[in-house]
Number of protein chains: 2
Amino acid sequence: MTPFEITILGCGSAKPTLRHHTTSQVVSVKGTPYLIDCGEGTQVQLIRYKIHTGKLDHIFISHSHGDHCLGLVGLLSSLALDNRSNDLHLHVPADLEPILQAQIDFFVQHRNFNILLHPISFELPTPIFEDSLVKVTAFPLNHRVPCYGFLFHEQPGDRHLKRECIQLYGIPYDAIPSIQRGLDFTTANGQVIPNDELTTPPDPTRSYAYLSDTLVVPQYTELLQNVDLLYHDATYCAGDEALATKYFHATSLQAAEFAKACNAKRLLLGHFSSRYKDENGLLEHATQVFPHTLMADEGLTVAVD
Amino acid sequence: MTPFEITILGCGSAKPTLRHHTTSQVVSVKGTPYLIDCGEGTQVQLIRYKIHTGKLDHIFISHSHGDHCLGLVGLLSSLALDNRSNDLHLHVPADLEPILQAQIDFFVQHRNFNILLHPISFELPTPIFEDSLVKVTAFPLNHRVPCYGFLFHEQPGDRHLKRECIQLYGIPYDAIPSIQRGLDFTTANGQVIPNDELTTPPDPTRSYAYLSDTLVVPQYTELLQNVDLLYHDATYCAGDEALATKYFHATSLQAAEFAKACNAKRLLLGHFSSRYKDENGLLEHATQVFPHTLMADEGLTVAVD
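Residues numbered from 1 in each chain as written. Chains lettered and ligands numbered in written order. Predicted model: local features only at pLDDT ≥ 70, side-chain atom pairs only at ≥ 80, totals over all residues.

By domain assignment, chain A separates into domain 1 (4–157 + 203–303) and domain 2 (160–200). Here the C-alpha centre of domain 2 of chain A lies 42 Å away from the C-alpha centre of domain 1 of chain A. (Domains from an automatic or database assignment.)

Attention now goes to the sheet that holds strand 4 (residues 58–60) of chain B. Residue and element names in this part refer to chain B. Strand order in this open sheet of seven strands is 6-5-4-3-2-1-18, and the pairing throughout is mixed. At either margin of the open sheet sits one strand with a lone partner, and together these are strand 6 (115–120) and strand 18 (301–303). Along the sheet, successive strands turn relative to each other by an average axial angle of 20°, direction set aside. By the bridge criterion, six bridges tie strand 5 (residues 88–93) to strand 6 in an arrangement that is parallel. What sits directly across from H91, in strand 6, is H118. (Pairing = 2+ DSSP bridges. Helix = DSSP H or I, 4+ residues; strand = E, 2+ residues; numbered from the N terminus. Axes fitted to C-alpha atoms, helices over the stretch in contact; angles between N-to-C directions.)

Here we come to the confidence of the model for chain A. In this model, chain A carries an average pLDDT of 96, and 100% of its residues clear a pLDDT of 70 or more. Across the interfaces of the predicted complex, the ipTM metric reaches 0.91, alongside a pTM of 0.92. (pLDDT = per-residue confidence, 0-100.)

The next point concerns the interface of chain A and chain B. Facing 24 residues of chain A, the contacting portion of chain B comprises 24 residues. Sorting the residues of the side of chain A that touches chain B by element identifies helix 1 (42–48), helix 3 (72–81) and helix 4 (97–107) of chain A as the ones contributing at least two each. Residue classes in the side of chain A that touches chain B are distributed as twelve nonpolar, nine polar and three charged. (Contact = placed C-beta atoms within 7 Å. Nonpolar A, V, L, I, M, F, W, Y, C, P; charged D, E, K, R; others polar.)

The next point concerns helix 4 (residues 97–107) of chain B. Working note: α-helix, 3.6 residues per turn, so residues spaced by three or four point in the same direction. Residues B:L100, B:Q103 and B:F107 constitute the buried set of helix 4 of chain B. Considered in projection along helix 4 of chain B, the buried side chains sweep an arc of 60° and stay on one side of the axis. Elements that come into contact with the buried residues of helix 4 of chain B comprise helix 2 (66–69) and helix 4 of chain A together with helix 3 (72–81), strand 5 and strand 6 of chain B. (Buried ≥ 20, exposed ≤ 12 C-beta atoms within 10 Å, placed from the backbone. Arc of directions from axis to C-beta.)

In this section: the relation of the copies chain A and chain B. Placing chain A over chain B gives an RMSD of 0.1 Å and needs a rotation angle of 180°, together with 0.0 Å of translation along the axis. Look at the turn and shift together and you get a two-fold axis relating the two. Nearest to the rotation axis, the C-alpha of A:G41 is located 2.9 Å from it, this being the minimum over chain A. Looking at the interface residues of chain A, 100% of them are also at the interface in chain B, so both copies use one shared face. (Least-squares fit on C-alpha atoms with pLDDT ≥ 70 in both.)

Residue A:D213 is reached from A:S212 by a cis peptide bond, and omega for that bond is 10°. Of note, A:N83 is a non-glycine position whose phi angle comes to about 65°, a positive value. Within the secondary structure layout, A:N83 lies in the loop between helix 3 and strand 5 (88–93). Even without being a glycine, B:D37 presents a positive backbone phi close to 60°. Residue placement: B:D37 occurs in strand 3 (residues 32–38). Exposure remark for B:D37: the 27 C-beta atoms within 10 Å place this residue in the buried category.

Spelled out as structure tokens, the structure:
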């Protein structure tokens, strides 16, 4: 199965502390990293957790609050010093684009690579990116400023060729890739063998959803139905709902109820407020409703499967 | 003697590494902190080394390269979240002012304190700030962009009242402060006692000079003559002079020669390139010329005396 995993670089909230960095994480599919959010200090976290930026071509920013994007300019500056040459795509909420462009123009003038800004501004879930490994859909969350969730869908893999058909139909080695991609096969004597006689379906595709920072968004339980891993804002502990509502965040209990409604396989909680000594209370409340809950932590890698 | 010390928050160069943060340091006089430069991650370093920002009212930025200022907006954002109310003064090179103002307007909109930007743009050493504890003079360095050094001069302390004069002239308790400040004293029977009969001079004042990033600036050996502590750019090791010249930095050996020419009491080297495994070579070359050399390191506190 293709490696598909999430590495947490930071899971704190507004202010960094000695325990938690501000938000950033890496979605890694078959060794290709995609960065989601880029709080201050992300570039050092990338070094610390050995995420190589040579293949990092896409960065997704959820919203314009500093704890999700103030590490961008430093990271871009260091990529320029690394003599990067391949294009870098930044998918950012439209309100962030002008100031980000101004910062890039000022601080990252000297570089040998293109930085392409792709503004996000949608009222409904919208596909924003696709390559051979993943499809990414952005969907508006409910926060104080325009803020987007990201749903990463693994691209379907190859169909599995039935081993016994190779000899049965005399399939040459160089015909195998096209059959795995779904094409029929024509034998040496002109007989067309339909693909579904030759193959079994590919592995089921997996999905990862990132929702931070936000109030609970029940309108997306259908979009996120059966998601394999759900990262959700859990800034506050049950009992602090009033604060969560005031600041447009969620409690871990609300996140767990949402994960249950989505029939998610696993829930990963993050964006922890610095007001709590630790996150044990958050985990306890969440697991009562949704047992398959994990707590984010800097350096934690979670496989999506 | 009034406490007057420097705490290093970061002494790396362009790119942060797992060993060194980008540049930032605190000059602390009688418990009042003044911040010089503010590379990415400075706000966490302030927490780590227990520098309280409640009394931090002045920040001095040497130049507009990201490794000296990209932590500013994050720090200001966190001060806003801390509900700071007292004015904050930012002394910054004039070229940095517009983009910094734009970032503050975007990222630090919601705050209960004033941020006052004081642009620095001088061709000669110029006093830029004075309070009851220090005088600060900015002087242009020789770097790729406008860049300033900062000379911190401790303000003169009180004169010392000769203990025996109190009884001899019947000096009341509430007359002592004015005598310590240099005024004459009139006795009960109208006799005027000149101050220099009553007191001895205050302790000699101390000074700290910060020079980073720069080629060596021999034109300032007079300005910095007898400085107590000299912090100097030592990005490169002797042998790499060509690189130092190309990028407008200094080697540790050049810094040591400059410290000697200034007759500095002690030299503190910093802004280390990440190209060297460690800084032993830099120290070795410097001490051959200037034995009283110290190496900056994160968390190091050096008293100016």
